[in-house]
Amino acid sequence: MTTIGLVVFGLVSLLALMSLLPPLAARLRLPYSVLLAVVGFSLGAIVSLRPDLAIPSPLLHDVIDALASIEISSEAFILIFLPSLLFEVAIAIDVRRLIDDIAPVLTLAVVAVVICALTVGIALGLASPYGLVACLLLGSIVATTDPAAVVGIFREVGVPKRLTTLVEGESLLNDAAAIAIFALLLEMLLSGGEGSIGGTIAKFLVSFGGGALAGFLMGRAACALFPFLGGWPQAEITLTIALAYLSFVVPEHYFHVSGVVACVTAGLVLGSTGKTRMRAHTFEQMEGVWGQLAFWANSLIFLLAAMFVPRIMEGTSLKEIGFILLVYLATLIARFVTVFVLLPLLTRAGLMQRINNRIKTVIVWGGLRGAVSLALALAVIENGAVPSSTRDFIATSVTGFVLMTLFINGMTLRPLVGFFRLNRLNPVARGVRDRAKLMTLTDVAGELSNIAQNEGIDREVADAALSSLEARLAVARARSHRGVELMAEEMVKVGLTVAAAYEVERCFSLLGGRIVDRRIAEMLLREAQHVREAVRAAGRKGYVAAAERGLGFGPALRFALWLQRNLRVERPLADALADRFEFLMMQRQVLSGLVPFARDRLQPLIGEESAGEIIRLTARRIEAVEGSLLALKLQYPAYAAALQRQYLGRIARQRESAAYQALAANLVVSGEVERELKAELEKHWTGLDERCKLDPELSAIDLVARVPIFRDLDIKRQQAIAHLLTPLLVLPDSPIVRRGDKGDAMYFIASGAVRVAVEPNGGSGVELGSGDFFGELALLTGHPRNADVRALGYCKLLALKARDFDRLLSHDAGLKARIEQVARERLNLG
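Residues numbered from 1 in each chain as written. Predicted model: local features only at pLDDT ≥ 70, side-chain atom pairs only at ≥ 80, totals over all residues. Heavy atoms only, no water.

**Q** Honestly, the pairing of strand E8 (residues 795-801) in this entry has me stumped. Any pointers?
**A** Along a regular strand, successive side chains alternate from one face of the sheet to the other. Among the seven residues of E8, six are classified as buried, and the element is accordingly described as predominantly covered. Relative to E8, strand E1 (residues 725-730) is paired through six bridges, and the arrangement is antiparallel. Looking across to E8, one finds that threonine 726 is bridged to alanine 799. Where strand E3 (residues 745-751) meets E8, six bridges bridge the pair, whose relative direction is antiparallel. Each residue of the ladder has a partner; that of methionine 746, found in E8, is leucine 800. (Buried < 20%, exposed > 50% of the residue type's maximum accessible area, 1.4 Å probe, protein only. Helix = DSSP H or I, 4+ residues; strand = E, 2+ residues; numbered from the N terminus. Pairing = 2+ DSSP bridges.)

In structure tokens:
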């Protein structure tokens, strides 16, 4: 067999072996990574000892020859396998949760790497004859954690989601920090220890920050391409694979920043943004492809790296075993300091939620090391510029340490989680579980009875099946009634959490049906995720506060207002108003589905009282959204009508398309007919997804014509006045004039209404509407403002600056008389 044939045969043999290991690990109740290490070590021993030579089997000879022919360098380990491992975790992680816990994640990922490298380096530097730089280099190698075994155990036993997110988030950035520090220390070792600490830190920060920026830009660029690849899932998934490897290689090779950080950042961008850029089924396919790639990468890197272990550990002395034990103890101490000392400081500083000591202990003990540490050690072994004694020292210490973490920590992590009862449901979750089971069994029993009756199943057979279900129902009822009495507030929190998750699904459903475009869908998803996280953090109060914040005016709209007022640039304001209009309209549609969901699905789970409270909270939220939407509709009725027509058109298109798809699925029409029908449908609705144009209607001449005191003037006089007036759009409840301020302008109301409050406490006041004006007293008298004026809704105003006030009045005696008359009346009333 040729060399290439042997390599291919060896890799395929490993793939066949890998397919048998997951079920074997589950049967033996071993972490998958531990079993991979055992199998890889065994294969390495077989390749070294060649027991097949005593057995006359050509197939066995070829298999072992094939395994022996696989020679993969450390660079190949990192370039081939690491991007897949990092990218798969990055696209799957909940970015919102990661952001919420960014302080502890960065502490575990970056600060912990530095503490580990220093602790191990100083301990070995004092106990061994090797230089401090070499010992620090070893410390950076063993600082990389392997989440595969830990996360696998966490998911299997059902620990809190937050703990899994912490470990996954740590692993994402931990490898990046450790590899960056490793590269700097290796450079220092090869240069004889030259270089300052400050310079090393600066290089690390540039590498880390530059990698994050490069990954973000590459991720956003890839997401921008997805709409052009719509309808071609294979092309979109291929682009994600290219993104993973290009973001790893290009920043590292061409810009000399961390490719690991860039790859992770690109994956996070794709995971958070790709869901709205890809079609739902394409994103699911992509997750499946990446899950498969990560399984291959994780399994192969462990097997191939573990095959080197027998050669590396051969002839290990007692002194070297002592170094291994020292490294093991030093890493535990470093991780203990990070988790039990630094994390509480972050809690006191208000940067993270409190983590109990049981979870902290599991995080400390769950710091397993794996293939990345072995690959970095292999990079040192292959580097001929490193002294041979140092190479042997690092190789033996790292390999022995990795084996200790896998076989000691990995084998005992599951019992530790069980000992601390982290895999037990809390009382609220147990109550929901019991009620969910009762509800489901009740539905199944009813459906089964109907099926038996409709399909003529023998009565005896049906009764036997139903009696089994009835027995389970009786147990479920008993558990539900005698379970822990749950507090109403806790059940409301559970219900709001589920409702918030359903809100997210409603957003994806509207996006998948092309009812809402991508830009608005992203806004809806951000809002729904903010609400969900607020509920998790503060329950009912968090839900109410997040809902109120969601209806506020964001920085983009306020910046657009600034541009319009100061630079007379209207397009950003038109776009921002259109975004808000569409957002509110579609949010009302999303929220409208929450009331029946709470009534039909949540009520059996959390009880009538708690579900009623959720319905009331949702109804108040819908009312607030409708109020905000009404305020916009009053100012822009034509745009509201255009949006409603577009919405109904999209609904019609979606329903018609779904009907054709159902006909094809039921074999009523062929695939060719379905495609023809859908092509005609798309042709009919051409232009439906184009954005409706919103005119902010802030033309000075048009607004001047709306004001009664200017309306009867000739067009030239109106144009002259328009040059002196500045059109303004004022947001609801925004202050326009504040008591005590110097008067620099007066205002004419072209549309909308304001409230003038003369009393300091705002207790009394008067409302002014279209055609009225205010602010003239301060200009006529020179005194400070004597009232507060706020917009009651969206208001279009014409501002007359103080410098133009006298000029305008001097050219129009009638206008001057009118303004002075109103001013006298207001002074008399005051």
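We are not done yet, so read on.
**Q** I tried to follow the sheet that holds strand E7 (residues 788-791) on my own but got confused; where do I start?
**A** Across a sheet, paired strands are connected by hydrogen bonds in the backbone, their directions being either parallel or antiparallel. Within the open sheet, the four strands sit side by side as E2-E7-E4-E5. Their pairing is antiparallel. The sheet is open, and its two edges are formed by strand E2 (735-737) and strand E5 (766-768), each paired on a single side. With strand direction ignored, the average angle separating the axes of adjacent strands in the sheet is 30 degrees. Relative to E5, strand E4 (residues 754-757) runs antiparallel, the two being bridged by three bridges. Bridged to valine 756 within E5 is valine 766. (Axes fitted to C-alpha atoms, helices over the stretch in contact; angles between N-to-C directions.)

**Q** Before we go on, may I ask you to explain helix H7 (residues 132-141) in this structure?
**A** In terms of burial, H7 is a largely internal element, eight of the ten residues being buried. Among all positions in H7, only Ala134, Cys135, Leu136, Leu137, Leu138, Gly139, Ser140 and Ile141 are buried.

**Q** Sorry, what's going on with the side chain of glutamate 503 here?
**A** Counting through the fold element by element, glutamate 503 comes out in helix H21 (residues 488-512). In contact with glutamate 503, other than residues within four places in its own chain, are Ala528, Val590, Leu591, Leu594 and Arg621. (Contact = heavy atoms within 4.5 Å.)

**Q** Would you mind going over the pattern of salt bridges with me for this structure?
**A** In a structure, side chains of opposite charge can pair up when their charged atoms sit close to one another. Applying the stated rule across the entire model yields 27 salt bridges. The salt bridge involving glutamate 613 is made with arginine 540; its shortest N-O contact spans 2.5 Å. Of this pair, glutamate 613 sits in helix H26 (residues 608-635) while arginine 540 sits in helix H22 (residues 518-550), and the two are 73 residues apart along the sequence. On the accessibility criterion, arginine 540 (23% relative accessible area) is partly exposed. Residue glutamate 613 is classed as buried on the basis of its relative accessible area of 14%. Several salt bridges share partner residues, and in doing so they unite Arg514, Arg650, Arg653, Glu682 and Asp689 into one network. (Salt bridge = Lys/Arg side-chain N within 4 Å of Asp/Glu carboxyl O.)

**Q** In this structure, what is going on with the sheet that holds E3? I would like to understand it.
**A** One open sheet accounts for four strands, arranged E1-E8-E3-E6; its pairing is antiparallel. Two strands close off the open sheet at either side, each with one partner strand: E1 and strand E6 (773-774).

**Q** Which parts of the structure should I look at to understand unusual backbone geometry?
**A** Across the chain, the bulk of peptide bonds are trans and the bulk of non-glycine residues have phi less than zero. In this model, histidine 256 sits at a positive phi of 55 degrees, which is unusual for a non-glycine residue. Note that histidine 256 resides in the loop between helix H11 (233-254) and helix H12 (259-277). One non-glycine residue, aspartate 733, adopts positive backbone phi at about 65 degrees. Relative to the elements of secondary structure, aspartate 733 occurs in the loop between E1 and E2. The class for aspartate 733 is exposed, based on a relative accessible area of 53%.

**Q** Can you help me understand the environment of leucine 511 in this one?
**A** Locating leucine 511 in the fold gives a position in helix H21. Each C-alpha atom, one on leucine 511 and one on glutamate 522, is 9.3 Å from the other, the two residues being eleven residues apart in sequence. In contact with leucine 511, not counting residues within four places along its chain, are Lys275, Thr276, Val516, Asp517, Arg518 and Ala521.

**Q** Even after reading the chapter, I still don't get the nonpolar core, so can you show me in this structure?
**A** The nonpolar side chains of a soluble globular protein tend to be buried, and buried together. Counting 132 residues, the largest nonpolar core has Phe77, Phe87, Leu138 and Leu270 as its most contacted members. It is helix H9 (residues 161-190) that provides the largest number of residues to this core, a total of 15 residues. Other than its neighbours up to four places away in sequence, leucine 270 contacts Phe87, Ile91, Cys223, Phe226, Thr240, Leu243, Lys275, Met278, Phe283 and Met286. Membership of the second largest hydrophobic core comes to 69 residues, among which are Ala528, Ala560, Leu591 and Tyr647. (Core = buried A, V, L, I, M, F, W, Y, C linked by side-chain atoms within 4.5 Å.)

**Q** Honestly, the confidence of the model for the protein chain in this entry has me stumped. Any pointers?
**A** Do not read the predicted coordinates in detail wherever pLDDT is low. Of the residues in the protein chain, 93% reach a pLDDT of 70 or more, and the chain-wide mean stands at 85. At the level of individual helices and strands, the protein chain shows its lowest average pLDDT in helix H8 (residues 147-157), which scores 57, and its highest in H11, which scores 94. (pLDDT = per-residue confidence, 0-100.)

**Q** Is there a simple way to think about a nonpolar patch on the surface in this case?
**A** Taken together, the side chains of Val114, Leu118, Ile122, Leu126 and Leu132 present a nonpolar region at the surface, about 480 Å² in accessible area. No other element matches helix H6 (residues 102-127), which puts four residues into the nonpolar patch. The residue leucine 118 is located in helix H6 in this model. (Patch = residues over 30% accessible without salt bridge, like charges linked within 9 Å, V, L, I, M, F, W, Y side chains within 5 Å. Areas by Shrake-Rupley, 256 points an atom, 1.4 Å probe, with all protein chains shown as cover.)

**Q** Would you mind going over the environment of glutamine 285 with me for this structure?
**A** Summarising the element assignment, glutamine 285 is placed in helix H13 (residues 280-307). The spacing of glutamine 285 and proline 22 is 263 residues in sequence and 22 Å in space, taken between C-alpha atoms. Not counting chain neighbours up to four residues away, the residues in contact with glutamine 285 comprise Pro233 and Ile237.

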